[in-house]
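# Analysis of the macromolecular model
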Amino acid sequence: MKQLFLSALFFCFATTGFAQSNLVSYDDLSYLLHNNIYKADTFFTAKGYKLLKKDVKRNVRKYNLDIPGGTYININLRSDGKRMFVEFDTNELAQYNMIYNSISQYVDKESATPEVQTFNVKDLGVIYIMADDAVPYNPTRREYTIRIVADKSITAYN
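Described in the following lines is the structure provided in the data block. (Residues numbered from 1 in each chain as written. Predicted model: local features only at pLDDT ≥ 70, side-chain atom pairs only at ≥ 80, totals over all residues. Heavy atoms only, no water.)

## What about the packing of helix α2 (residues 26-34) against helix α3 (residues 37-47)?
Where α2 meets α3, the closest approach of the two axes is 9 Å, and the angle between their N-to-C directions is 155°. Considering the angle they form, α2 stands roughly antiparallel to α3. Both α2 and α3 take part in a crossing whose hand is left-handed. Together, Asp28, Tyr31 and Leu32 of α2 and Lys39, Ala40, Phe43, Phe44 and Lys47 of α3 make up the contact between the two elements. Across the contact of α2 with α3, the residue classes tally to five nonpolar, no polar and three charged. (Axes fitted to C-alpha atoms, helices over the stretch in contact; angles between N-to-C directions. Helix = DSSP H or I, 4+ residues; strand = E, 2+ residues; numbered from the N terminus. Parallel < 35°, antiparallel > 145°, perpendicular 65-115°, else oblique. Left-handed = near helix turned anticlockwise from the far one by under 90°. Contact = heavy atoms within 4.5 Å. Nonpolar A, V, L, I, M, F, W, Y, C, P; charged D, E, K, R; others polar.)

Structure, rendered in structure tokens:
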């Protein structure tokens, strides 16, 4: 009985410890931008995302993660042969906070307008964050569009 209780307790701690493992951080973005688009398939599948669209000819991928509570994260990847472009559409506040907090120590320059926050991030590129009200209107939810454009010096290796 004692062993069963300890096993259940360990399982609970393990699942809560990895509760944010499906959110994308600075290190994850750096991995994606430095590797080719084919490695993104296994990366996002391991994080629990579903592959919605795969266009090999255009080097485009679309991933989706539905989170309990009615939130979602949609990720679009595009590669032009050398560089990778990443776009998030989400209403998950934790994803916005994860990116914002994980890049905070690497920000070289930051600017903001009423519509767009712009961050020049060291060894990554430029991150544009746009926040809009959710449709239908919900005062506790916002929809975020996060676009990452890699620096010219960052190329995806094969």
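## Here's the deal with the pairing of strand β3 (residues 71-79)
The alternating pattern of β3 places Thr71, Ile73, Ile75, Leu77 and Ser79 on a buried face, while none of Tyr72, Asn74, Asn76 and Arg78, on the opposite face, is buried. As paired elements, strand β2 (residues 60-67) and β3 share eight bridges and run antiparallel to each other. In the strand pairing of β3, Asn64 is matched with Asn74. In this antiparallel pair of consecutive strands, β2 and β3, the connection spans three residues, and Gly69 shows a positive phi of 105°. Between the end of β3 and the start of strand β4 (residues 84-90), which pair antiparallel, lie four residues, with Gly81 showing a positive phi angle near 110°. (Buried < 20%, exposed > 50% of the residue type's maximum accessible area, 1.4 Å probe, protein only. Pairing = 2+ DSSP bridges.)

## Quick notes on the side chain of Asn64
Note that Asn64 resides in strand β2. Accessibility expressed as a relative area gives 13% for Asn64, which makes it buried. Within the local environment of Asn64, its side chain forms a polar contact with the backbone nitrogen of Asp66, the two atoms lying 3.4 Å apart. In this structure Asn64 touches Tyr49, Lys50, Leu52, Ile73 and Asn74, once residues within four positions along its chain are discounted. (Polar contact = N/O pair within 3.5 Å; in protein donor to acceptor, adjacent residues only side chain to side chain.)

## Remarks on the pattern of salt bridges
Considering all chains together, one arrives at five salt bridges under this definition. Of the charged contacts, one joins Asp41 and Lys54 as a salt bridge, the two residues approaching to 3.6 Å between their closest N and O atoms. Residue Asp41 is located in helix α3, and its partner Lys54 is located in strand β1 (residues 50-55); the two are separated by 13 residues in the primary sequence. Through salt bridges that share partners, Asp41, Lys54 and Arg61 make up one connected network. (Salt bridge = Lys/Arg side-chain N within 4 Å of Asp/Glu carboxyl O.)

## Things to note about the environment of Lys62
Mapped onto the elements, Lys62 comes out in strand β2. Judged by its relative accessible area of 32%, Lys62 falls in the partly exposed class. On a C-alpha basis, the gap between Lys62 and Leu51 in space is 6.0 Å, while along the polypeptide they are eleven residues apart. If we ignore the near neighbours within four places in the chain, the residues touching Lys62 are Lys50, Leu51, Leu52, Lys53, Ile75 and Asn76.

Geometric values such as these leave the question of function open.
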